[in-house]
Every structure is written in structure tokens, then in C-alpha cells.
Amino acid sequence: MTPRTPLTPEFWDHRYSSTEYVYGKEPSDFLAERFAELPAGGETLCLADGEGRNGVFLATRGMRVTAVDNSAMGLEKAERLAAERAVALTTLLADLAEWDAGDARWDGVVSIWAHLPAPVRAALHPRLARALRPGGVLLLEHYHPRQVGYGTGGPDDPTMMLTLDELHAAFPGWARVHTFEGERVVMEGSGHGGKSYVTQAILRKPS
Ligand SMILES: C[S@@+](CC[C@H](N)C(=O)[O-])C[C@H]1O[C@@H](n2cnc3c(N)ncnc32)[C@H](O)[C@@H]1O
């Protein structure tokens, strides 16, 4: 299936080119509810952070945040939002298909609506497993492949979406602090709106 949403940074630069924040300035509902599961004050990586609403929120809660995305326009807006909220945010322009997240470098990794092609996820997940410190936490909400029928957000291609089975296979032996696959109403800016089918996970790396 050809995805309706092109995957290029140019697409996202264009999407982020207005002054409006496509997903709003407030954090994702799931992150706002569950951020306390992340190690307090820790080095926290926000994957595909776009215009920065999630990274900036975590910075206001005392985390030391690095936001990585491959849209320069998104990260520019993220920096603007951080300045508006008077918090520090490190931004990094990089392609998650190849970016090296380091070794035992992060206390928390956050991945919200970071939909990536299956081969990119397959290469990224082992890098993330290595990059989190023992006891570190991965907090994630993505659309589930069933979302495609809902038409309320996300790419048209179910292979870009994520299941718990895939996650558990990628992070074997990690504590399942929270896992959920099912419906929830997502109202996050003009980019996501309505009843949706999501995958949520909070997984802790063994100490
Ligand atoms: C649906 S948006 C979500 C943005 C943000 N996480 C949020 O919830 O507001 C997806 C983001 O993934 C980024 N992205 C897509 N493919 C990427 C890649 N290969 N490397 C880095 N970022 C990527 C896009 O630039 C975009 O900002």
C-alpha cells in the first residue's frame, strides 16, 4: 500500500511551516498522565518530537530533555516553545533510521506518534534498548495497525504502526509497567482528532 503521508523531512517541514502548532502546544494526553513513571529529573530523549510539545512539557517537569527529529522546521518551533515556557531543551536534527542514540545514555525515552517504516523500527529498537540505562524507562504511544480504518490521524499504511507483540519481542524481559491496545479518543491539535486505536506501553529495562 502506498502511504498517503510521505515520509520525507520536506513533508514535515511543509506541515510545520505555519505559525500554528499542528499537534498543539500541550503534551500528549498519555504523556501528561504517565510522565511520573519516567525517572525524575533524568536525561530524557524525546524521539520524533516535532514541534516540541512533549519535550518542552517534560522540561517544565524538571527533566533534562533532548528532542530529536528530522524536520528542521519542527525543531525551530520546538526551540521557540521552549523559550516561551522558559525551559532548556536540546534539539538534534537527525534521521532515526541511522542516528546512534548512544550506550546507557538515557534514563527515559519517549516516543509519541513516532510512526516509522518497519525496517527503520527493526533497526532502531535494538539501538534504544542499548541506549537506555539499566532501570531506564521507555514510554510510548503510537497508533495500532487497526487505526487505518478509523481515519482520525496517522499514516494510511498499517506497517508504520506498532503492536505490543512487536514491542515485547524487541524489548524482551523488560518490566511491563503499563501496556494497552485499544480505542481512545485522541484530540491533539489539528493533526489528530477523534476515536482512535492506539498502542501504549511503559516498559522498564532490567537493572
Ligand atoms: C506525527 S508527528 C509527531 C510529532 C510529536 N511526537 C508529537 O506528538 O507532537 C511525527 C514526527 O516524526 C518525525 N519523523 C518522521 N520520520 C523521522 C525520522 N526518520 N527521523 C526523525 N524524525 C522523523 C517527523 O518529522 C514528525 O515530526
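1. Overview of the nonpolar core
Consideration 1: With 27 residues, the main nonpolar core has Leu 31, Leu 38, Leu 58, Val 65, Leu 89, Val 110 and Leu 139 as its most contacted residues.
Consideration 2: Setting aside anything within four residues of it in sequence, one finds Leu 58 in contact with Leu 31, Phe 35, Leu 38, Thr 44, Cys 46, Met 63, Val 65 and Val 110.
Consideration 3: Listed in part, the 25 residues of the second largest apolar core include Trp 99, Ala 101, Trp 106 and Leu 140.

2. A closer look at empty space enclosed by the protein
Consideration 1: For the structure shown, the criterion picks out 1 cavity of 30 Å³ or more.
Consideration 2: Roughly 70 Å³ of volume is contained in the largest cavity.
Consideration 3: The wall of the largest cavity is formed by Leu 47, Leu 96, Ser 111, Ala 114, Leu 116, Arg 121, Leu 124, His 125, Leu 128, Leu 140 and His 142.
Consideration 4: Ranked by the residues each element gives to the lining of the largest cavity, the list is headed by helix H5 (residues 118–131), at 4 residues.
Consideration 5: A breakdown of the residues in the lining of the largest cavity according to their chemical character gives 7 nonpolar, 3 polar and 1 charged.

3. Some remarks on the pattern of salt bridges
Pairing between side chains of opposite charge can happen when the charged atoms of each approach one another.
Consideration 1: Scanning the model with the defined rule gives 15 salt bridges in all.
Consideration 2: For Arg 53, the salt bridge is made with Glu 188, and the minimal N-O distance between the two is 2.8 Å. Here Arg 53, found in helix H3 (residues 53–60), pairs with Glu 188, found in strand E6 (residues 175–188); they are 135 residues apart in sequence, far enough to count as distant. The residues Arg 53 and Glu 188 share a single accessibility class, namely buried.
Consideration 3: Where Asp 100 meets Arg 130, a salt bridge forms, and the shortest distance between an N and an O atom there is 3.3 Å. Of this pair, Asp 100 sits in the loop between strand E3 (90–93) and strand E4 (106–112) while Arg 130 sits in helix H5, and the two are 30 residues apart along the sequence.
Consideration 4: You can call Arg 130 partly exposed: its relative accessible area is 39%.

Conventions used here
Residues numbered from 1 in each chain as written. Predicted model: local features only at pLDDT ≥ 70, side-chain atom pairs only at ≥ 80, totals over all residues. Heavy atoms only, no water. Core = buried A, V, L, I, M, F, W, Y, C linked by side-chain atoms within 4.5 Å. Buried < 20%, exposed > 50% of the residue type's maximum accessible area, 1.4 Å probe, protein only. Contact = heavy atoms within 4.5 Å. 1 Å grid on protein atoms, 1.4 Å probe; cavity = no way out; pocket = protein on both sides within 12 Å on 5 of 7 lines; lining within 4 Å. Points joined across faces, edges and corners; volume = space filled by probe spheres on them. Helix = DSSP H or I, 4+ residues; strand = E, 2+ residues; numbered from the N terminus. Nonpolar A, V, L, I, M, F, W, Y, C, P; charged D, E, K, R; others polar. Salt bridge = Lys/Arg side-chain N within 4 Å of Asp/Glu carboxyl O.

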